[in-house]
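Notes for the structure review
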Amino acid sequence: MLFPQRFPISYLFSFPSIAFLFSSLILLLLFRALWQAYSPKRTVAPGPFFAKFSRLWFLRQVLQGEFEKVNIELHCKYGPVVRIAPNEYSISDPEAIKTIFGHGTQFMKAPSYKAAGDPYFPNLFTELDPPTHATLRRKFAPLYSMSSIVSMEPCVQKCTAVLTERLREFAQSGAAFNLQEWLQFYAFDLIGLLAVSESFGFLDDGKDPRGILIELDAFIKYSARVGIYHEIHTPLYKLMQTLGKGGAYIYTFTWAQIAKRLPGSATEEKGVKLEDSILARALEKHKEDPETFKISDVYQVCLASIGAGSDTTSISLCAIFWYLLKTPRALAKLKEEVDEMTTSGKISHPVTFLDAQAMPYMQAVIKEAIRLHSATGLPLGRVVPKGGAKVAGKYFTEGSVVGINTWVAHYNTDMFGDDAATFRPERWLEDKEKAQVMERYYIAFGHGSRTCVGKNISLMEISVLVPNLIRRFEFELVRPEDGLECYSNWFVKHQNVLCRVSERKV
Ligand code: HEM
């Protein structure tokens, strides 16, 4: 036995030893916090006092669920560069968009993105390594091309018709309903059809009996919070999978849709009609070249589409309706455009994607609502490359994380004018040159090589639904005096938009 008399084991649990251990731990943590804040490897920048010592400050803000607003206020208080964690900085200088996200930039996605997916199996959204990402992007981008998605319009029309029918029922009963929820049902059913040729069935029942939305919401919360402490993502993710949490239903659903369409597989369901979808096209690619386009790629592209393309679209749709209902002048102008184009026969029944592109005011409404309420609410973080870099006039050491929040960019009065915080679709139509400048600072879908690959899909979903609903229904907020209630994690999600509808004479 070691030191039996001079060092009895009970000594370890005595008050002096516990006090010694405790104070050593505190000293160690203090030293670590000071090192994080003042190490020469860190870039010094203004910001909230506690943010420079630990990531806890940032985590706390994210937990409070309105970081997009906090982020705008931080820039008003501290200027174009704000330190939000010991090694993380939020930037508001519009010129930095090109430096950080522009094509050919060496800034790679920050490790926090890893927490948005399987750590062992990164997808197009979560892959950090630029060359691996470039390979994935080359492989998958054709599935999202304009020519590919135009052929998927029947899916959009199908879901639009079902939602129209549900709203007609609400109009007849006079019942109030949560518009946010129904737009989410629409976006989910539609992305199911577009991604894997199968809808989730939300619009049929107006319910989420399997708790899919709650599950996905929990995973998005997880991604935002654990992303800040990304080092713990891998073990936590393993644990969640063991417990059957973290989007398990969506994984199983996606895989089941692929499996039943795999020719020759044990699970193939013969005669299942495969509507034109990302899955249909991915399976074609797999058939052409199974070595390069593996079945795991098929799974990955379908899953990433559902994950990245559901909430984002429903949030954007909800923002459009919210701003229209809060701005009667804009709503009246949009109705005028829709009605005039209907009576002059310029748009068909139902309004198609092609028709919608010839509706300038409606396109401006969509753009403006998404500017004021972008789906993402955290800075899109990137790692400063080897050798460091100058961003927003400041030198950042390599390994620092710099990011721009879409909300910070879009509420910038230098770029969008003194009325940047006002919903005014006309700003996109008044002056072509000005609109081009604003376009450069419009990052709702990201910018550069990591820009949203599903942007056109989303714009098709939105452009078809909005005029078709505006033409058929009169919307009314149940409590028009109330402000907008949101909760944000990664996504800034509306909470409850209670509405009533009545049918218009078409
Ligand atoms: C209004 C709807 C949408 C918004 C606002 C939106 C927003 C964004 C943003 C901001 C990014 C870039 C993130 C970054 O740079 O850090 C992104 C990337 C991405 N989005 Fe979307 N998105 C939308 C719809 C969709 C849809 C419908 C899909 C799929 C069908 C999709 C799939 C993706 C994917 C796969 C990426 C990663 C691309 C890459 O890194 O190469 N998104 N999206």
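Residues numbered from 1 in each chain as written. Predicted model: local features only at pLDDT ≥ 70, side-chain atom pairs only at ≥ 80, totals over all residues. Heavy atoms only, no water.

Mean pLDDT for the protein: 91, with 95% of residues reaching 70 or above. Quick note on the complex model: pTM equals 0.92, ipTM equals 0.98. (pLDDT = per-residue confidence, 0-100.)

A word on the UniProt feature "binding site: heme" (unreviewed entry) in the protein. Mapped onto this numbering, the UniProt entry gives "binding site: heme" (unreviewed entry) at Cys452. If you trace the backbone, Cys452 turns up in the loop between α22 (432–440) and α23 (455–472). In contact with Cys452, not counting residues within four places along its chain, are Arg137 and Phe445. (UniProt positions renumbered as here; feature names shortened; annotations may be inferred. Helix = DSSP H or I, 4+ residues; strand = E, 2+ residues; numbered from the N terminus. Contact = heavy atoms within 4.5 Å.)

Now for the pattern of salt bridges. It is possible for side chains of opposite charge to pair when their charged atoms get near one another. Taken as a whole and judged by the stated rule, the model has 24 salt bridges. Glu66 is the partner of Lys69 in a salt bridge, and the nearest nitrogen-oxygen pair spans 3.9 Å. Accessibility expressed as a relative area gives 39% for Lys69, which makes it partly exposed. Take Glu66: its relative accessible area is 37%, and that puts it in the partly exposed class. When salt bridges with common partners are traced through the structure, they connect Glu368, Arg371, Asp419, Arg424, Arg427 and Glu430 into a single cluster. (Salt bridge = Lys/Arg side-chain N within 4 Å of Asp/Glu carboxyl O. Buried < 20%, exposed > 50% of the residue type's maximum accessible area, 1.4 Å probe, protein only.)

Around the ligand sit 27 residues in total, of which Tyr113, His133, Arg137, Arg382 and Cys452 are the nearest. Measuring from a nitrogen atom of the ligand, one finds a backbone N or O atom of Ala308 at 3.5 Å. A distance of 2.7 Å separates an oxygen atom of the ligand from a polar atom in the side chain of Arg382. Looking at the shell around the ligand residue by residue, the classes come out as 13 nonpolar, 10 polar and 4 charged. (Near = heavy atom within 4 Å. Polar contact = N/O pair within 3.5 Å; in protein donor to acceptor, adjacent residues only side chain to side chain. Nonpolar A, V, L, I, M, F, W, Y, C, P; charged D, E, K, R; others polar.)

Residues Leu380 and Arg382 point to one face of strand β5 (residues 380–383) and Gly381 and Val383 to the other, with burial holding for every one of them. Pairing analysis gives 2 bridges linking strand β3 (residues 108–109) to β5, with the strands arranged antiparallel. Within β5, the residue paired with Lys109 across the bridge is Arg382. Looking at chain direction, β5 and strand β8 (residues 401–404) are connected through 4 bridges and run antiparallel. Bridging from a neighbouring strand, Leu380 pairs with Ile404 of β8. (Pairing = 2+ DSSP bridges.)

Another point: the pairing of β8. Here β8 shows a buried face lined by Val401 and Gly403 and a second buried face lined by Val402 and Ile404. One ladder, built from 3 bridges, connects strand β2 (residues 88–91) with β8; its direction is parallel. Across the sheet, Tyr89 pairs through a bridge with Val402, a residue of β8.

So, about unusual backbone geometry. With an omega of -10°, the peptide bond running from His349 to Pro350 counts as cis. Tracing the backbone shows Pro350 in the loop between α17 (328–343) and α18 (353–357). Even without being glycine, Ser197 reaches a positive phi, approximately 65°.

Let us now look at the sheet that holds β5. Across the sheet, which stays open at both edges, the 5 strands sit in the order β1-β2-β8-β5-β3 with mixed pairing between neighbours. Sheet topology places β1 (81–85) and β3 at the edges, where each strand pairs with a single neighbour.

Right, let's get into the packing of helix α16 (residues 311–326) against α17. Where α16 meets α17, the axes come as close as 5 Å, and the angle between the chain directions of the two elements is 110°. With respect to their mutual orientation, α16 and α17 come out roughly perpendicular. The residues of α17 that touch α16, namely those facing Leu324, Leu325 and Lys326, are Pro328, Ala330, Leu331 and Leu334. Broken down by class, the residue content of the contact of α16 with α17 amounts to 6 nonpolar, no polar and 1 charged. (Axes fitted to C-alpha atoms, helices over the stretch in contact; angles between N-to-C directions. Parallel < 35°, antiparallel > 145°, perpendicular 65-115°, else oblique.)

What follows is about the side chain of Lys109. If you trace the backbone, Lys109 turns up in strand β3. Glu127 provides the closest opposite charge to the buried, salt-bridge-free Lys109, at an N-O distance of 10 Å. A polar contact is formed between the side chain of Lys109 and the backbone oxygen of Phe125, at a distance of 2.7 Å. In contact with Lys109, other than residues within four places in its own chain, are Phe125, Glu127, Leu128, Gly381, Arg382, Val383 and Arg450. (Lys, Arg positive; Asp, Glu negative; His and termini not counted.)

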